[in-house]
Amino acid sequence: VLSTVDQVRESMAQFNYERDLNGNEMTPTEFALRILPEPILFKDLDIAIVAVEPRSTTGKPLDQYGWLKLNPQPGKAFIGEYLTIIQHPNGERKQICVRENKLLKYSENGPYIWYQTDTDAGASGSPVFNNSWDVVALHHSSVPRTKRIKGKDVWLTKNDKPWTPEMGDDQVAWIANEGVRISRIVLYLQRTHSQHPLAQSVLTTAESR
């Protein structure tokens, strides 16, 4: 979502974009993002670690909100375990996915897990939780069914026909969703940014678990 420092400079973090227990829309609170310390942007893991201003645009303190500690240990969820995603699909108010959400497998050579969860466009970056509410991954993308045609992996439609962009995403035969494992993100920060103040904040919080 944030791939350059310029995008960070022009973006805001919005809290309370959700409904209360009675279903009423809450009033969002906006916080500017900071470009110092310099953001950590790493495309390979699809992550952006960015500092947030301590007060909102209307003067409310950031520390009234909690945060999610990151457990660096791998294997926080088992195959077949039900996962939960808290997301903002299509830019809508906060929603919780609690159905069709089994962990399917860990990728053998990459930093990903695959799971069945009812997500939609705009859910990238959403936290993926196990039954103990540990964050096991950050939602990354959907995984389409493919077929090897003329030496290339081609996406398939729900009718097992080759898919083309003009058909729209609704016609893609999605088989799973993909998340970036938290253990791999923490390992990356430890190996490459251990002295960076933003990375230290994440790593220290993880260690104080």
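Scroll up to find the structure.
In short, a report on the structure. Along each chain, the written sequence defines residue order, and numbers are assigned to residues from 1. pLDDT decides what is reported in this predicted model: residues at 70 or higher carry local features, side-chain atom pairs at 80 or more are listed and counted, and totals for whole chains, interfaces and linings draw on all residues regardless. Hydrogens and waters are ignored; side-chain quantities use all the structure's heavy atoms.

Side note on the overall build of the chain
Part 1 of the argument: Secondary structure summary: the chain contains 3 helices and 14 strands in total.
Part 2 of the argument: Since a compact globule built from 209 residues should have a radius of gyration of about 17 Å, the 19 Å found for the chain is in line with a globular shape.
Part 3 of the argument: Here the C-alpha coordinates of the chain stretch approximately 55 × 45 × 35 Å along the principal axes.
Part 4 of the argument: The rule is simple: take the accessible area with a 1.4 Å probe, protein chains only, and divide by the maximum for that residue type; under 20% is buried, over 50% is exposed, in between is partly exposed. Out of the 209 residues in the chain, the part that is buried amounts to 36%.
Part 5 of the argument: Here the open area of atoms and residues is found with the Shrake-Rupley method and a 1.4 Å probe, where only the protein chains shown may cover a residue. As displayed, the chain has an accessible area near 13,000 Å², and 49% of this comes from carbon and sulfur atoms.
Part 6 of the argument: Only four residue types enter the charge count: Lys and Arg as positive, Asp and Glu as negative, with His and the chain ends excluded. The location of each charge is read from NZ of Lys, CZ of Arg, CG of Asp or CD of Glu. Each charge class in the chain was averaged separately, 24 positive and 25 negative side chains, and the resulting centres sit 5 Å apart. Numbered from the N terminus, helices here are DSSP runs of H or I no shorter than four residues, and strands are runs of E no shorter than two. In this description the radius of gyration comes from C-alpha coordinates, and the expected globular size is given by 2.2 Å times residues to the power 0.38.

Side note on the pattern of salt bridges
A side chain with one charge may pair with a side chain of the opposite charge, provided their charged atoms come close.
Part 1 of the argument: Between Lys or Arg on one side and Asp or Glu on the other, a salt bridge is scored when a side-chain nitrogen of the former is within 4 Å of a carboxyl oxygen of the latter. In total, this model carries 7 salt bridges according to the counting rule given.
Part 2 of the argument: Between E18 and K94 there is a salt bridge; the shortest N-O distance is 3.2 Å. Remark: K94 occurs in the loop between β6 (84–87) and β7 (95–97) and E18 occurs in the loop between β1 (12–15) and β2 (29–34); sequence separation between them is 76 residues.
Part 3 of the argument: For D153, the salt bridge goes to R148, with nearest N and O atoms at 3.1 Å. As far as burial versus exposure is concerned, D153 and R148 are alike and both exposed.

Regarding the nonpolar core
A general tendency of soluble globular proteins is for nonpolar side chains to be buried together.
Part 1 of the argument: Counting residues in hydrophobic clusters, the biggest one holds 19 residues, and the most contacted among them are I40, I185 and L189.
Part 2 of the argument: Elements supplying a minimum of two residues to this core: β4 (47–49), α2 (182–192) and α3 (197–207).
Part 3 of the argument: Of all the elements, α2 adds the most residues to this core, at 5 residues.
Part 4 of the argument: Contacts were defined at the residue level, with two residues in contact if any of their heavy atoms lie within 4.5 Å. Discounting residues that sit within four places of it in the chain, I40 has contacts with I47, A48, I49, Y188, L189, H193, H196, L198 and A199.
Part 5 of the argument: The nonpolar core is taken to be a set of buried Ala, Val, Leu, Ile, Met, Phe, Trp, Tyr and Cys residues, with the residues joined through side-chain atoms within 4.5 Å. In terms of nonpolar packing, the next biggest core, distinct from the first, is built from 10 residues, A77, L83, C97 and L103 among them.

Observations regarding the sheet that holds strand β9 (residues 112–115)
Part 1 of the argument: We treat two strands as partners when DSSP finds at least two bridges between them. An order of β7-β6-β10-β11-β14-β9-β8 is seen for the 7 strands of this open sheet, with the pairing classed as antiparallel. Two strands close off the open sheet at either side, each with one partner strand: β7 and β8 (103–106). Taken over all neighbouring pairs, the strand axes of this sheet differ in orientation by 35 degrees on average, direction set aside.
Part 2 of the argument: To get an axis, a line is fitted to the C-alpha atoms, and for a helix only the part in contact is used. The angle between two axes follows their N-to-C directions and goes from 0 to 180 degrees. Its contacts with the sheet place α2 against β11 (135–144) and β14 (174–181), and it is angled at close to 35 degrees to β14.

So, empty space enclosed by the protein
Part 1 of the argument: Detection works on a 1 Å grid of protein atoms alone, calling trapped sets that fit a 1.4 Å probe cavities and calling open sets with protein on both sides within 12 Å along at least five of seven lines pockets, with lining residues defined by an atom within 4 Å of a point. Grid points are joined across faces, edges and corners, and a volume is the space filled by probe spheres set on the points. This model, assessed by the stated rule, comprises 1 cavity of 30 Å³ or more.
Part 2 of the argument: Estimated volume of the largest cavity: approximately 60 Å³.
Part 3 of the argument: Taken together, Q73, P74, G75, K76, A77, L103, Y106, I113, V136, R181 and S183 form the lining of the largest cavity.
Part 4 of the argument: In this classification, the charged set is Asp, Glu, Lys and Arg, the nonpolar set is Ala, Val, Leu, Ile, Met, Phe, Trp, Tyr, Cys and Pro, and all remaining amino acids, among them Gly, are polar. For the lining of the largest cavity, the per-class residue count stands at 6 nonpolar, 3 polar and 2 charged.

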